[in-house]
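Below, each chain spelled out in residue letters.
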Amino acid sequence: MADVRSRSLLGWFGRAVRAGIHLVLGGVIAAGYAVLVSGIVQLVQAAPAMPIALSLVIAVIAVPIALAPPLVAPVRDVGIAAARILLDVDLPIPTASPTWDDRLRSAGYFVAHLLIGGAAVVALLFGVPFAVGLIGWALGVRADAFQISTPDLGWWGIPVGALVLAMLPPLALLGGAVLRSLAVPLLGPSTTACEEEERRRRVVLAERNRIARDLHDGVGHALAVTTMQASVAEAALSTGDDAAVRAALTEIARVGRGAMADLDRSLAVLREDDRPGTTTPAPALTDLEALRERAASVGRELRLDGDVRDLDGLDPLVSREAHRLLTEAVVNAGRHGSGPIELHWARRDDRLVVDVRNRVRPGARVGRTGRGLVGMRERATLIGADLTPGPDGEGGWTVRLTIPGDLTRGET
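Below is a short write-up of the structure.

Scoring rules and cut-offs
Residues numbered from 1 in each chain as written. Predicted model: local features only at pLDDT ≥ 70, side-chain atom pairs only at ≥ 80, totals over all residues. Heavy atoms only, no water. Salt bridge = Lys/Arg side-chain N within 4 Å of Asp/Glu carboxyl O. Buried < 20%, exposed > 50% of the residue type's maximum accessible area, 1.4 Å probe, protein only. Helix = DSSP H or I, 4+ residues; strand = E, 2+ residues; numbered from the N terminus. Phe/Tyr/Trp six-rings, centres within 6.5 Å; stacked < 30°, edge-to-face > 60°. Lys NZ or Arg CZ within 6 Å of the ring centre and 35° of its normal. Axes fitted to C-alpha atoms, helices over the stretch in contact; angles between N-to-C directions. Parallel < 35°, antiparallel > 145°, perpendicular 65-115°, else oblique. Nonpolar A, V, L, I, M, F, W, Y, C, P; charged D, E, K, R; others polar. Pairing = 2+ DSSP bridges. Contact = heavy atoms within 4.5 Å.

**Here we look at the pattern of salt bridges**
Here is step 1: Applying the stated criterion across every chain yields a total of 6 salt bridges.
Here is step 2: Salt-bridge contacts for Arg-309 lead to Asp-307; the nearest nitrogen and oxygen are separated by 2.9 Å.
Here is step 3: Residue classification places Arg-309 among the exposed positions, given a relative accessible area of 64%.
Here is step 4: Here Arg-400 and Asp-355 are joined by a salt bridge, their closest N and O atoms 2.7 Å apart. A residue pair is termed long-range when its members are at least 10 positions apart, and Arg-400 in strand E5 (residues 396-403) and Asp-355 in strand E3 (residues 351-360) qualify at 45 residues.
Here is step 5: For Arg-400, a relative accessible area of 32% gives the class partly exposed.
Here is step 6: Look at Asp-355 and you get buried, because its relative accessible area is 10%.

**Describing unusual backbone geometry**
Here is step 1: Phi at Asp-88 is positive, roughly 55°, even though this residue is not glycine.
Here is step 2: Locating Asp-88 in the fold gives a position in the loop between helix H3 (73-86) and helix H4 (100-138).

**Examining the packing of aromatic side chains**
Here is step 1: Applying the stated criterion across every chain, the model contains 1 aromatic pair.
Here is step 2: Measuring from centroid to centroid gives 6.2 Å for Tyr-33 and Phe-110, while their planes differ by 70°, and the two rings are edge-to-face. With Tyr-33 in helix H1 (residues 2-45) and Phe-110 in helix H4, this residue pair connects regions lying 77 residues apart in the sequence.
Here is step 3: In this structure Tyr-33 comes out as partly exposed when scored by relative accessible area, which is 22%.
Here is step 4: According to the relative accessible area criterion, Phe-110 is buried, its value standing at 13%.
Here is step 5: The aromatic ring of Trp-100 is capped on one face by Arg-103, whose charged end is 5.6 Å from the ring centroid.

**A word on the packing of H4 against helix H6 (residues 157-187)**
Here is step 1: Where H4 meets H6, the closest approach of the two axes is 9 Å, and the angle between their N-to-C directions is 175°. Classified by the interaxial angle, the pair formed by H4 and H6 is roughly antiparallel.
Here is step 2: By residue class, the composition of the contact of H4 with H6 is 24 nonpolar, 7 polar and 1 charged.

**Observations regarding the sheet that holds E5**
Here is step 1: Reading across the sheet, the 5 strands line up as E1-E2-E3-E5-E4 and stay open at both edges, with mixed pairing between neighbours. Where the open sheet ends on each side, the last strands, each with one partner, are strand E1 (302-305) and strand E4 (386-391). The sheet shows a mean angle of 15° between the axes of neighbouring strands, taken without regard to direction.
Here is step 2: Alignment of E3 against E5, held across 8 bridges, turns out to be antiparallel. Within E5, the residue paired with Val-354 across the bridge is Leu-401.

**A closer look at the side chain of Asp-310**
Here is step 1: Note on placement: Asp-310 falls in the loop between E1 and helix H10 (316-336).
Here is step 2: Each residue touching Asp-310, except ones within four places of it in the same chain, is listed here: Trp-345, Ala-346, Arg-347 and Leu-352.

**Description of the pairing of strand E2 (residues 337-348)**
Here is step 1: Sheet analysis places E1 next to E2, joined by 4 bridges and oriented parallel. Bridged to Asp-305 within E2 is His-344.
Here is step 2: As judged from the 9 bridges shared by E2 and E3, these two strands associate in the antiparallel manner. Of the residues in E3, the one forming a bridge with Arg-348 is Arg-351.
Here is step 3: Once E2 ends, the chain turns through 2 residues before running back antiparallel as E3, passing Asp-349 with a positive phi of about 55°.

And the structure:
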């Protein structure tokens, strides 16, 4: 317990020392400004004896030199580094040129550092000699310096002097705490920069989620279709139906190539590969033939019902993501349903409503929630649409995708 207390005391004292150093640095700079102000005052007082032109030249040179440092980027960087090291403030290291808003806020911290640091240096320069003088009188040391600076309190000088010295570390911590509270709003990123960083973080997170969904859709569905076709080929082998075996193997090869293309697109995004010809464009919502092929790959017929013109005019991103959603819905219908799959779409009140419906296979676990359904909802939310899956009350399952009117006009 004593060892823990000693470490805690040493840690407290170390923080006080670092805060004191930070304050002294500000006080030293404040002393330079005090000398400059004193010189300007003396110039004003000596105006009758000194030529006015010479006083103006000195003022024109000195004032900009005094006002420039708080607005210079390296001074801001030094202030951030000092606050990070001496005050333990969690500030991001600057990576870009500061804006004028950053410069003005750092100038405010510069001024606060000088004022608080100047007060700390004054307290140090007066407090230490005063305390030493009190203790000197109590110990019988008769010196003119002690006599001038401190009163003779007798033996009371020892506790009073010790108290004055003991108050210096807490005062340093107090000054450091004030500067620490000012460091984040004045030296940290602005509100606009924080909002922009948050937007970038959300974009990156959304892109990562999109890649995860793409991998799930492409590779996961390809594995499901491959498994189903392998089962078909195995059953055909037992009956000697070579044509069915060849058809199943051909479908497995086609689905595998499609999965490789999907994987290539996802990896290209991860590598930030923008070289032309490295990826193939993702299908859009109007590519209904791709949906037919996907339904056929799971052994189901896809029946289309709607005016193709209603699918035009979508924002390209919305159209691609909607196609991926419907592809997953079609594959899920083939895996868990029976009979043909019905795809119906229509414009309703300036919205595009697309329904994917299938009969539920007996014994299927209707309403099961997995990563696929969660990913579909997230993808729909990402493009501003709404996805509603559920039973239709007639022994079937319907996945409804509703795209708002502003997205159908390409105003994303």
